[in-house]
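Structural features, examined
Next come the chains, spelled out residue by residue.
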Amino acid sequence: HMVVNVRKCGFLRIGTNDSEGSIYYNEQLIPEVNEYTYLGVQINKNLDKKMMANMRIQSGNAILEGIWKTISARNIPIIYKLMLVKHVLLPRMTYGIEIFGGRYSNLTEIKKILNRALSRIVGLKTFSQKAVYDELKLENIELKGRYMQLKSYLQWQNSSRIINELIKTNKHIKDPRNPRSIKRSHCAEISEWIKGNKIEMTNKKEIRRQLQEMYKI
């Protein structure tokens, strides 16, 4: 018999401002929350991708502050500094990028943080991004965000779980109280981008090739 600890529970209303109704378990009120962190990804009632990106940006700034002295030290080889960037800073900033990474505006600040770190490592205030990224074998952030998104979409298409049905059906979200209000779902946004850019969703390798052509990498 499973016992639920109500004090560790909460419920979140998604896509509505309706505040009526409550949820109880064993006559105990489950508290309502405005946002929730699930597997490290922040979710609020509007499924706000900008908020998700902002949390990654905050995390990135905190990490950069923590490693700043190390990447500034002249007696530490560049290879070790780069390891901090590749295996500590970047993963924290790009976690969940398959959700929020489809929009350039969500990635701008993340890219700035990365470039600040690289500027400190190479000892230059300004530098050719393509040259440094190529030399240090770093992936273009916009390409990474879009690739992770399309790779996930490809997996969802072949999934036997409910996400497959969401791709096929709920392309747009309607507010029952305002029939004229229609929002594109996350799946719909990706689907329309794929069609608009004529991306062949055959396999991951082919997706990456097409994106590299698009981003001229």
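Residues numbered from 1 in each chain as written. Predicted model: local features only at pLDDT ≥ 70, side-chain atom pairs only at ≥ 80, totals over all residues. Heavy atoms only, no water.

**Some details on the overall build of the chain**
Stated precisely, the cut-off is as follows: What counts as a helix is a DSSP run of H or I of at least four residues, what counts as a strand is a run of E of at least two, and both are numbered from the N terminus. For the exposure calls, accessible area comes from a 1.4 Å probe over protein chains only, and a residue counts as buried if that area is under 20% of its type's maximum, exposed if over 50%, partly exposed in between. Residue contacts are defined here by distance: any two heavy atoms, one from each residue, within 4.5 Å place the two residues in contact. Computed with a 1.4 Å probe, the accessible areas rest on the Shrake-Rupley method; for each residue, only the protein chains presented here act as cover.
Within the chain, the regular secondary structure consists of nine helices and six strands. Within the chain, buried positions represent 35% of all 217 residues. For the chain, the share of sequence-separated contacts (at least 6 apart) that also reach a separation of at least 24 residues comes to 54%. For the chain, the exposed area adds up to about 14500 Å²; of that, 52% sits on carbon and sulfur atoms.

**Comments concerning helix α5 (residues 129-136)**
Going by this rule: The reported arc concerns the directions from the helix axis to the C-beta atoms and nothing else.
For α5, the set of buried residues is Val132, Tyr133 and Leu136. Seen from one end, α5 has its buried residues packed into an arc of 100°, which puts them on one side. What points out from α5, more than 90 degrees from its buried face, is the exposed set Lys130 and Glu135. Note on α5: the residue one or two positions beyond its end, Lys137, has a positive phi of about 60°.

**Considerations on the pattern of salt bridges**
Applied cut-off: For salt bridges, the criterion is a side-chain nitrogen of Lys or Arg within 4 Å of an Asp or Glu carboxyl oxygen.
Here the structure, examined in full by the defined rule, presents six salt bridges. Between Arg208 and Glu139 there is a salt bridge, and its shortest N-O distance comes to 2.4 Å. Within this pair, whereas Arg208 is found in helix α9 (residues 204-214), its partner Glu139 is found in the loop between α5 and α6 (141-157), the two being separated by 69 residues in sequence. A salt bridge links Glu206 to Arg209, with the nearest nitrogen and oxygen atoms 2.6 Å apart. Taken together, the positions of Glu206 and Arg209, both in helix α9 and three residues apart, correspond to about one turn of that helix.

**Some points on the nonpolar core**
Heads up, the condition is: Among buried residues, the Ala, Val, Leu, Ile, Met, Phe, Trp, Tyr and Cys ones that are joined through side-chain atoms within 4.5 Å form a nonpolar core.
Counting residues in each nonpolar core, the largest one holds 42 residues, and the members touching the most others are Leu114, Leu118, Leu150 and Met201. Contributing elements (two or more residues each) for this core: α1 (49-72), α2 (78-94), α3 (97-100), α4 (104-122), α5, α6, α8 (186-196) and α9. Top contributing element to this core by residue count: α6, with eight residues. For Leu150, the residues in contact, after removing those within four places along its chain, are Ile190, Trp193, Ile194, Ile199, Met201, Ile207 and Leu211.

**Quick look at unusual backbone geometry**
Phi angles above zero are rare outside glycine, and Asn26 is one such case at about 50°. With respect to the helices and strands, Asn26 occurs in the loop between β1 (23-25) and β2 (28-30).

**Focus on the pairing of strand β4 (residues 41-44)**
Inclusion rule: Two strands make a pair as long as DSSP finds a minimum of two bridges between them.
Bridge count between strand β3 (residues 35-38) and β4: four bridges; the pairing is antiparallel. Paired with Thr37 across the bridge in β4 is Gln42. Where β3 hands over to β4, the hairpin turn is made up of two residues, of which Leu39 adopts a positive phi near 50°.

**Quick look at the environment of Ile76**
The residue Ile76 is located in the loop between α1 and α2 in this model. Counting along the chain gives 45 residues from Ile76 to Ile121, while the straight-line C-alpha distance between them is 10.0 Å. Those residues in contact with Ile76 that sit more than four places away from it in its chain are Thr70 and Lys81.

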